[in-house]
Amino acid sequence: MTRQIREALLLFVLSIRDMLASAGPVLLLALGLLAAAYWWLDPQPPRTVTLATGPAGSAYAEFGQRYAEALKRDGIQVKLLPTDGPAANLQALRDHQANVAFVRGGSADMSDDAEHGVMSLGALFYEPLWLFYRPAALSNNNKTNSKGTPADKHATAPADTRLHSLTQLRGLRVNIDQPGSGVPDLMSRLLQANGVMSNEVIASQLAPEAAEQALQTGQIDALVLMTAPESAVVQRLLQQPGIALAELPQADALARRFPFLQTVTLPRGMVALARDLPPDDIHLLAATTALLTHEDTHPALRQLFAQAAQQIHGGSGWFNGARDFPNTRTSELPVSPEGDRAINGTPPFYQRYLPFWASNLLERMWLVIGGLIVLLLPLSRVVPPLYTYRVRQRVFRWYARLREVEARMEDGDGDATELLNELDELDRVASQITVPLAHAEEVYALRSNIEKTRRRLLGRGSVPALREQVHHG
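Residues numbered from 1 in each chain as written. Predicted model: local features only at pLDDT ≥ 70, side-chain atom pairs only at ≥ 80, totals over all residues. Heavy atoms only, no water.

A.B. asks: Please clarify how the side chain of Asn320 should be interpreted in this entry.
C.D. replies: Here Asn320 shows up in the loop between helix 10 (299-313) and helix 11 (337-344). Accessibility expressed as a relative area gives 16% for Asn320, which makes it buried. A distance of 3.3 Å separates a polar side-chain atom of Asn320 from the backbone oxygen of Gly315. Apart from the residues within four sequence positions on either side, Asn320 is in contact with Tyr126, Gly315 and Phe325. (Helix = DSSP H or I, 4+ residues; strand = E, 2+ residues; numbered from the N terminus. Buried < 20%, exposed > 50% of the residue type's maximum accessible area, 1.4 Å probe, protein only. Polar contact = N/O pair within 3.5 Å; in protein donor to acceptor, adjacent residues only side chain to side chain. Contact = heavy atoms within 4.5 Å.)

Written as structure tokens, this is what we have:
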């Protein structure tokens, strides 16, 4: 039994060796092509990516943390780059200081940025224009103006504590956010559209937290923010006594003048249902914020960000219903193929079962793998003949020695006893050749031919002693 096991193991090892040697050239070709395609396509993304967010405490900063947590599950580290706001985010993207950035509508130069490789991964959420003010300051300003101050010498309207037009900002101390936020430029355009000159408003450009504090302490009369409702500053100001949120009845007209703006409604009770806050629907101007990237960013990273956007922004919010965001309808720049597939398409089934690195490798390399299969199918036909040749070669190489013995026998060269000993040695070697059962016939044919040669040698009759040797053997 031990001998049979040993022979079976030897046969198995030899078969594997022959199979590997036969398929080796084809396998080396396949591996070489696969390695070249892997190097060319670079399917695995960098493990670190930079996301330009915004000021500390802003909605952008909060969303940046959520993106970092989402991509961390796939082994990607997201470095958050704080900035002054969307305009600074876009500049960081242009300068390749960031791979991905939150950018508000109206910030990008559509033709120039698209030409330089900036693209969108989809629109994420609305950013309303929040105009908070102190009604007491507005009342005092209206009283002063009604007496004919330089702000408006012909004003005769009675005092009013509600701000319902941008023209009422004349003479007020208004914080219009930081330069990098893009709000100062927008406010300048909106005020100009309302006939308010820049020197008629006492403007400041404090950071949101500092502006909030200044508004509460009476150092300024109003502040303007453009951010998502998740902003901590917005959340606090909406519930701060003595601070009001302005509604602009002319919002629709302004949205027509500035196509990147649109009107949204803050529903009654949205801030606090129990307190019925706000007590009425409030119509606001808003821009759509998109997640922008650069064409140099690895496609797998673009895909991960687009998929994370689905999870983070896919629910309902203060100004949108479920599945309204992310979308590609309101993107000002061309949408990346990865963003379009994540938002409008159906993810491949294997993404539900494979880890990120495996599903990404399959997605990036499937065309190459398919091409290799098509190429290797005809090449694989040479493997069985090569295998058969290697197995039979273990038998056929001894025929050369047998032919040498026969030639010496025919020529009369060499001693008959010596030739017979060589035939015996050849037969002993042939009996130890290990081949698969399918090729055992070649071994038996070799031994049969050896025996025939021996009998011919003995049949010459000139060596009777050899006959006796064989007889007793």
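A.B. asks: How should I be thinking about the pairing of strand 4 (residues 118-133) in this particular structure?
C.D. replies: Successive side chains on a regular strand alternate, one facing one side of the sheet and the next facing the other. Here strand 4 lies mainly inside the structure; 16 of its 16 residues are buried. The pairing of strand 4 with strand 10 (residues 282-294) spans eight bridges and is classified as antiparallel. Directly across from Ser120, in strand 10, lies its bridge partner Leu292. Inspection of the sheet shows strand 4 paired to strand 7 (residues 222-226) by five bridges, in the antiparallel sense. Each residue of the ladder has a partner; that of Leu131, found in strand 7, is Val224. In this structure, strand 4 lies alongside strand 8 (residues 244-245), joined through two bridges in antiparallel fashion. Counted as the bridge partner of Tyr133 is Ala244 from strand 8. (Pairing = 2+ DSSP bridges.)

A.B. asks: Can you help me understand the side chain of Thr50 in this one?
C.D. replies: Locating Thr50 in the fold gives a position in strand 1 (residues 48-52). Setting aside residues up to four positions removed in sequence, Thr50 forms contacts with Lys79, Leu81, Gln97, Ala98, Asn99 and Val100.

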